[in-house]
Amino acid sequence: MAALSEAPSAVQAVIELVLPDLQVPTPVDLVVRWEPDGETVWISEPGDTGWAGFYAGDTCGTDLVVGFADWLQEQVFAEAGGAWGEARPGCPGHPHPTAAREFQGAGWWVCPRDMKRIAKIGDFAALLRPAQA
Ligand SMILES: [Zn+2]
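Residues numbered from 1 in each chain as written. Predicted model: local features only at pLDDT ≥ 70, side-chain atom pairs only at ≥ 80, totals over all residues.

Our focus in this paragraph is the overall build of the protein. In terms of helices and strands, the protein carries three helices and seven strands. Along the protein, from the amino end to the carboxyl end, the secondary structure elements read β-α-β-β-β-α-β-β-β-α. Relative to a compact globule of 133 residues, whose C-alpha radius of gyration would be 14 Å, the protein shows 15 Å and is just as compact. Principal-axis analysis of the C-alpha atoms gives the protein an extent of 40 × 35 × 35 Å. Within the protein, the fraction of its 133 residues that count as buried is 29%. For the protein, restricting intrachain contacts to residue pairs at least 6 apart in sequence, the fraction spanning at least 24 positions comes to 49%. (Helix = DSSP H or I, 4+ residues; strand = E, 2+ residues; numbered from the N terminus. Rg over C-alpha atoms; globule rule 2.2 N^0.38 Å. Buried ≥ 20, exposed ≤ 12 C-beta atoms within 10 Å, placed from the backbone. Contact = placed C-beta atoms within 7 Å.)

This paragraph deals with the pairing of strand S3 (residues 40–44). Side-chain positions along a regular strand alternate between the two faces of the sheet. Taking every second residue as pointing to the same face, the buried face of S3 carries Val41 and Ile43, while none of Thr40, Trp42 and Ser44 on the other face is buried. Looking at chain direction, strand S2 (residues 31–35) and S3 are connected through five bridges and run antiparallel. Each bridged residue has a counterpart across the sheet, and for Val32 the counterpart in S3 is Ile43. Bridge analysis of S3 against strand S4 (residues 52–55) gives four bridges, and the strand direction is antiparallel. Bridging from a neighbouring strand, Trp42 pairs with Gly53 of S4. (Pairing = 2+ DSSP bridges.)

Moving on: the nonpolar core. One finds Val18, Val65, Phe68, Ala69, Leu72 and Ile121 to be the most contacted residues of the largest nonpolar core, which totals 29 residues. Counting residues per element, the ones that place at least two in this core are helix H1 (9–22), S3, S4, helix H2 (61–77), strand S5 (99–103) and strand S6 (106–110). By residue number, the principal contributor to this core is H2, which donates nine residues. Each residue touching Val18, except ones within four places of it in the same chain, is listed here: Val65, Phe68, Ala69, Leu72, Ile121 and Gly122. (Core = buried A, V, L, I, M, F, W, Y, C linked by C-beta atoms within 7 Å.)

This part is about the sheet that holds S6. Where strands meet in a sheet, backbone hydrogen bonds hold them as pairs that are either parallel or antiparallel. One open sheet accounts for three strands, arranged S5-S6-S7; its pairing is antiparallel. Both outer strands of the open sheet, S5 and strand S7 (117–120), are each paired with one neighbouring strand and no more. Neighbour-to-neighbour, the strand axes of this sheet turn through a mean angle of 40°, independent of strand direction. In terms of strand pairing, S6 meets S7 through three bridges, oriented antiparallel. When the bridges of S7 are listed, Trp109 appears paired with Ala119. (Axes fitted to C-alpha atoms, helices over the stretch in contact; angles between N-to-C directions.)

Once that is clear, we can look at the confidence of the model for the protein. Detailed reading of the predicted coordinates is not advisable wherever pLDDT falls low. Residues at a pLDDT of 70 or more form 97% of the protein, whose mean pLDDT is 93. Per-element averaging of pLDDT across the protein places helix H3 (residues 124–128) at the bottom with 86 and S6 at the top with 98. (pLDDT = per-residue confidence, 0-100.)

Here you go:
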């Protein structure tokens, strides 16, 4: 496995966009690697022997954003010791997590119950931050 800096810039950009949305309320320490031959992103917690892999080869654009967001949520954060049992990103006013969906060509976190759009993927963490004075 190679450093993430070896990954295509489009893949790096998607990781930088999506990952912060799941790093609230408290950040989880994660190791992110890139496997060039398999075009796969691998993520683990430091000291953990298990890795979760996301194949990025066939997808791009909004499909990549939504696919990666959904995978991060289901395969990484749902299993991570640092986020155990937490709904990430949490749906405001509900106990469940939001769901990653495409809407009019953009990736959104939506309420899975009423499909209300909560925030664009990449904007969720900023939603929780207090406005700068
Ligand atoms: Zn909801």
